[in-house]
Each structure stands twice: as structure tokens, then as C-alpha cells.
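Chains, contacts and geometry: an overview
Okay, here's what each chain looks like letter by letter:
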Amino acid sequence: MEETVLQVENISKNFGMTQALKDVNFSIRKGTIHSPLGRNGAGKSTVVNIIAGIYRQNSGKVLLEGKEISSYSVFDRQNMGIKIVPQHASVVPNLTVGENVFLGIWPRKQLFVDWKKLYEDAQLELDKYGLHVDPKVKVCSLNGVDQRKVNIIRAMHGGARLIILDEPTTALSSKEREELFVFVNELKKKGTSFIFISHYLQEVVDLSDDVTVIRDGRSFAGADGEILSEEKLANLIAGEEVELICRDILDRPDEERLFMECRHLSGTTLKDVSVKLYQGEITGLVGFPGSGARELCRTLFGLEKMTSGEILYKGKKAEIKNPFDAIRHGIAYVSYDRHKEGIVGLMSIRENISMPLFYSGLRTKWGLINRRKSEEIAAHYFEQFHIKANSVNDSLKSLSGGNQQKVVVAKSVSTDPQLLILDEPTIGIDIKSREEIIENVNKTTKESLTSVLYLTNDFDELLRTVDRILFFRDGKLVQDVRNDHLSHEDVIRIRDSVTEKTESIHQEVSP
């Protein structure tokens, strides 16, 4: 019988009148990787925080190797072997690798740090776990994956039995991601257990031994990671059959459908970017933060300044200095941060959807808002996007995150845009809402011939949605690739291999 490292028994947790968890049960076996899954607000973060000791449950038990630890603090649990490796490497950049490995427990000789012993012991730890770096170099000189390894080695030196990996692959390249997975699997073979948290379902399929789905505060057993697929996980998380929308990729568009062209755009980040956009086409954007992908989106909507270059709209030069100019040229934008740049929570669904039309399609000759027309437009998109609420007059803040995001996208689509810019349009929402948004975007391109720029870090979602992909690095457009049966790994490979050589620009790549 396999040894159980951690047991969660009938855990329930309330926050005021809201029940976040109800009778959650699962166990983590020694030397395995266990992934808790669930939509935002389902309770998976709450149960992980209870395991770590950050929250205290209202009822139920947490047992570490058979011993109940419910009354123990975060620090007690860390000393007992439950370690957390956060999303961003928790290191002190200007200290050395050795200093970080033994952070807080530097060996001493009388009143002073014993530097000779510190670096000798650090070298032993690094060799033991296969991290081949000099313990005397500063951590800031290491790449992202090696910084995460330093975190994990520090946890292992502290006697880790169970390590919680919270979104560990954020901003890692394909090679770094694979290297981290190899490292984790080696530690797993030696008996260390892991809780692996990731919103990339394919990563969960690739790495996990066991899965527990948290849905509406309750736990549901998953299946062996090797036989799961992204679609099966999506159905488990949603609690119902969810059809993953797959776009019929367009043929290469002809020049007659060209409606916007960017020529040699430069700005704070952008460097000499030229790209053509066609009616009815969905164009994906890929690049690390600061690469130019997001910056192109925000420049086209007038949120970032263009220092040189020109934008041609239907063959004529367009001046886009602010969002009002962009809207006048038929451009709509959905920000990656809906709370700051997408919604007005105190206003109703109707008012949010109608907002872009207040000064155009809804204004009467007396300067007032046509309330009846506003309600008709809102009701149309309310139904089209399957927004779950009592009516269009409900306050937006009363909706779930997924339904709020539907309103944000519906608001942009309501303007009948020529170009719809979607910056992480499905981040942080449930899977069913995600697919409904993708379905409506797809429908909009076919019925209205709207062109779409689609930026997401979920490459599986990207590949199901776009016709071609623009790859950015260091402010430059370095690859323009048709989505001709590309795979997730193809996208990562191209993203990580692109160079600044001018001959690579607009090169067509086949997988």
C-alpha cells in the first residue's frame, strides 16, 4: 500500500455567510505530483491555503503523515516539511546562491557568519540536487528556472516532505519549462511530494499523477494524469460537457480584404513594426512581457504613444493619438485588466454594454440617451453571450467574473468594430464562459467580417482560435506564421527560437 503524505478530511470553510468549501476530501501520496483544479472562486486556493496553514478551516482535519496538524501555524507546518514555492521566485536577488539556499540559517563561527562553511555546504546541496551553478554568484545573474530551483533546493534543505508549486512556469521559455519539469520529476522519484498549481491544463496533463477538482466548494476525484486530456479536464472542472471551440482556419486572405496596415511603427517599446490586418481574420500575438505584443495592441487603441511610422486605414493615413481616435476608426479594445479598464461595477449590465454608444448611436437630437434603444441593444447581447443574471438592469458587480467578462466583450462587439483587440480576454474566468466568448468572437468575424487581434498566454486556446500568429521579441515583429496545424510545442519552439535578424521577418513556418 502506497504511503500517504497528506490527508484532507471533510474540510469546510466559511467566509462570513459564504461557504467556500464543504466536506472536501483528498489525499496526496508520497512521491507524487497532485494538482488541484477548479474555476476561479471554486475553492482550490482556499484549500491550498488551509494546507499551508494560512487559513484555518471551520471543520474537518488536515493530517501530515497521519498526524493532525490543524492547530499548527504556517511556521510550524514549514518546520514539519510543508513548503511553498510561490509563483515568482522568492529570492533575494543581490545575495549569492549560497546565501539564498541557507537564507535565515547561515552557519556561524561565534558572532560571525562562517562563509567558508556556508559555500562548502551550499555546493554540496547544489550538487545533490543537480543545479550546476557557482554558489558564490548572485542570484540575479541566474535565469528564471534556476532561480526557481534555488527556491526548491532551499525547501529541500529545510526538510520538505510536500512542496506547493504555485504557477511555477510563469514567464519560462519552453526549454526552461521542460528543465523545471525534469528537476521536479527527479525529486519526485526520491520521495518528495508536490502540489502543482497551474491554469494551463496541458501542463497538468503532462506533469500530474493525480488530480482533484474543486467545484462549488466540493471535491471530486480526478483520474490518472496520463489518461487525461485538456477537454476531459475542462468537463471535470465545469461539471458538464463543455465543447472546446475550434475555428475553421481561414485560407490565406487576398489583398482585397486588407483594411489596415501598420508601417514601421515605433514607440516606447515597439521598434519598426509592420503588419497587415485583414477582414474576418483572427490574428494571434505571442511574446514575453515587454516583447511588443501587448504594446502593439495598446498603441493601435491610442493607449501608448507612437513615435514614428504610420497606420493606414482603408488605404488612408489614420491619426490615432488616443482611444477616441481609435473608436472613430472602428477599433475596439478589451483590456487584460477588466477591473481597471473594462467595467464600471456600480453601473448596470445595460449601461456597461451601451457605454461606447452613449455619444453616437444612442444620443437623440436633444442630446439625451435613447433608453429604449439602449435596452434593446443590451438585451440582444445579453442573450447572444448567455449572460447569467436576472435582467440587463442588474448591477454588474453582482455578476461572477466570467459573466462580467462576457459583458466587457459584448460592450466592445456592440460598436460593430472593424478591428477588435482582445488582450487576455478569457484570463481568470471559468471554462464554459471562456468557450462562449470564443464562440461569439468567431461568430463576429464571420458575420461582420471583423478583424481580431487575439493576445493570450494560453497557447492551446490560441491555436483553437486564430488563423495566424505574430511573434514578438525586444519590441520587434520577428515571425508571421500561418496556423497550419501548429501544435502547442510548435508555438513555444518558435517563440523561443526567434531572432532579431531581419531576414526572419514575415517568414512563413510550417511545423
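Here we summarise the structure given alongside this text. Here the structure is a predicted model, which means the values were calculated and not measured.

On to the overall build of the protein chain, then. Along its length, the protein chain carries 17 helices and 22 strands. In terms of overall size, the protein chain behaves like a compact globule, its C-alpha atoms giving a radius of gyration of 25 Å where 511 residues would be expected to give roughly 24 Å. Structurally, the protein chain occupies a C-alpha span of about 80 × 55 × 45 Å along its principal axes. Burial status across the protein chain gives 54% buried among its 511 residues.

Let us look at the sheet that holds strand β21 (residues 468-473). Taken in spatial order, the six strands of this open sheet run β18-β19-β20-β15-β21-β22, and their pairing is mixed. In the strand order of this sheet, the two ends are held by β18 (331-334) and β22 (476-482), each with one partner. Each strand axis lies, on average, 20 degrees off the axis of its neighbour in the sheet, ignoring direction. Examined bridge by bridge, strand β19 (residues 419-423) and strand β20 (residues 451-455) share five bridges and lie parallel to one another. Each bridged residue has a counterpart across the sheet, and for D423 the counterpart in β20 is L455. The strands touched by helix α14 (residues 401-413) within the sheet are β18 and β19, with β18 carrying the most contacts at an inclination of about 170 degrees. Helix α17 (residues 488-497) contacts β15 (282-286), β21 and β22 of the sheet and is inclined by roughly 35 degrees relative to β21.

Judged by nonpolar contacts, the single largest core of 48 residues is most densely connected at L37, V97, I152, I163, L165 and L233. Counting residues per element, this core draws most heavily on helix α5 (residues 144-157), at six residues. When near neighbours in sequence (up to four residues on either side) are disregarded, L37 contacts K44, S198, L201, V204, V211, T212, V213, I214, L233 and I237. Formed by 43 residues, the second largest nonpolar core is a distinct cluster that contains L357, V407, V481 and L486.

So, about the packing of aromatic side chains. The description of two aromatic rings rests on the distance between their centres and on the angle between their planes. Tallied over the full model, the rule gives seven aromatic pairs. Ring centres of W115 and Y119 lie 6.2 Å apart, and the angle between their planes is 25 degrees; on these two criteria the pair is classed as stacked. Here Y119 and W115 lie together in helix α4 (residues 115-129), a separation of four residues that amounts to about one turn. On the accessibility criterion, Y119 (14% relative accessible area) is buried. On the numbers, 6.1 Å between centres and 85 degrees between planes, the contact of F181 with F196 is edge-to-face. Of the two residues, F181 sits in helix α6 (residues 174-189) while F196 sits in strand β10 (residues 193-197), which places them 15 residues apart along the sequence. With a relative accessible area of 0%, F196 lands in the buried category. Ring pairing ties together the aromatic residues W106, W115 and Y119, which thus form one cluster. Above the ring of F220, the side-chain terminus of R215 is found at 3.9 Å from the ring centroid. Lying across the ring of Y336, R294 places its NZ or CZ 3.9 Å from the centre.

Strand order in the open sheet formed by six strands is β6-β9-β10-β3-β11-β12, with mixed pairing between adjacent strands. The open sheet is flanked by β6 (82-85) and β12 (218-221), the only strands paired with a single partner. Across the sheet, the axes of successive neighbouring strands diverge by a mean angle of 25 degrees, strand direction being ignored. Where strand β11 (residues 210-215) lies against β12, four bridges are found, and the strand directions are antiparallel. Bridged to V213 within β12 is F220. Contacts from helix α8 (residues 230-238) reach β3 (33-37) and β11 within the one sheet, and its direction differs from that of β11 by about 35 degrees.

On to the packing of α4 against α5, then. The contact between α4 and α5 brings their axes to 11 Å, and the two run at 105 degrees. Considering the angle they form, α4 stands roughly perpendicular to α5. When α4 is examined against α5, the residues E125, L126 and Y129 are found in contact with a partner set consisting of I153, M156 and H157. Split by residue class, the contact of α4 with α5 holds four nonpolar, one polar and one charged.

The next subject is a negative patch on the surface. Together, E231, E241, E243 and E439 line one region of the surface with negative charge. The topology assignment puts E439 in helix α15 (residues 431-447). With a relative accessible area of 43%, E439 lands in the partly exposed category.

Another point: the pairing of β18. Covered by surrounding structure in β18 are I331 and Y333 together with A332 and V334, the residues of both alternating faces. Strand direction decides the pairing type here: β18 and β19, joined by four bridges, are parallel. If you follow I331 over to β19, its bridge partner there is L419.

Once that is clear, we can look at the environment of I164. With respect to the secondary-structure elements, I164 resides in strand β9 (residues 162-166). Sequence separation between I164 and S451 is 287 residues, and the spatial gap between their C-alpha atoms is 42 Å.

Turning next to unusual backbone geometry. You will see that D416, though not glycine, has its phi angle at about 55 degrees, which is positive. If you trace the backbone, D416 turns up in the loop between α14 and β19. Notably, L449 is not glycine yet its phi reads approximately 55 degrees, a positive angle. As for its placement among the helices and strands, L449 is situated in the loop between α15 and β20. A relative accessible area of 40% means that L449 is categorised as partly exposed.

Conventions and cut-offs
- Residues numbered from 1 in each chain as written.
- Predicted model: local features only at pLDDT ≥ 70, side-chain atom pairs only at ≥ 80, totals over all residues.
- Heavy atoms only, no water.
- Helix = DSSP H or I, 4+ residues; strand = E, 2+ residues; numbered from the N terminus.
- Rg over C-alpha atoms; globule rule 2.2 N^0.38 Å.
- Buried < 20%, exposed > 50% of the residue type's maximum accessible area, 1.4 Å probe, protein only.
- Pairing = 2+ DSSP bridges.
- Axes fitted to C-alpha atoms, helices over the stretch in contact; angles between N-to-C directions.
- Contact = heavy atoms within 4.5 Å.
- Core = buried A, V, L, I, M, F, W, Y, C linked by side-chain atoms within 4.5 Å.
- Phe/Tyr/Trp six-rings, centres within 6.5 Å; stacked < 30°, edge-to-face > 60°.
- Lys NZ or Arg CZ within 6 Å of the ring centre and 35° of its normal.
- Parallel < 35°, antiparallel > 145°, perpendicular 65-115°, else oblique.
- Nonpolar A, V, L, I, M, F, W, Y, C, P; charged D, E, K, R; others polar.
- Patch = residues over 30% accessible without salt bridge, like charges linked within 9 Å, V, L, I, M, F, W, Y side chains within 5 Å.
- Areas by Shrake-Rupley, 256 points an atom, 1.4 Å probe, with all protein chains shown as cover.
- Salt bridge = Lys/Arg side-chain N within 4 Å of Asp/Glu carboxyl O.
- Lys, Arg positive; Asp, Glu negative; His and termini not counted.
- Charge placed at Lys NZ, Arg CZ, Asp CG, Glu CD.

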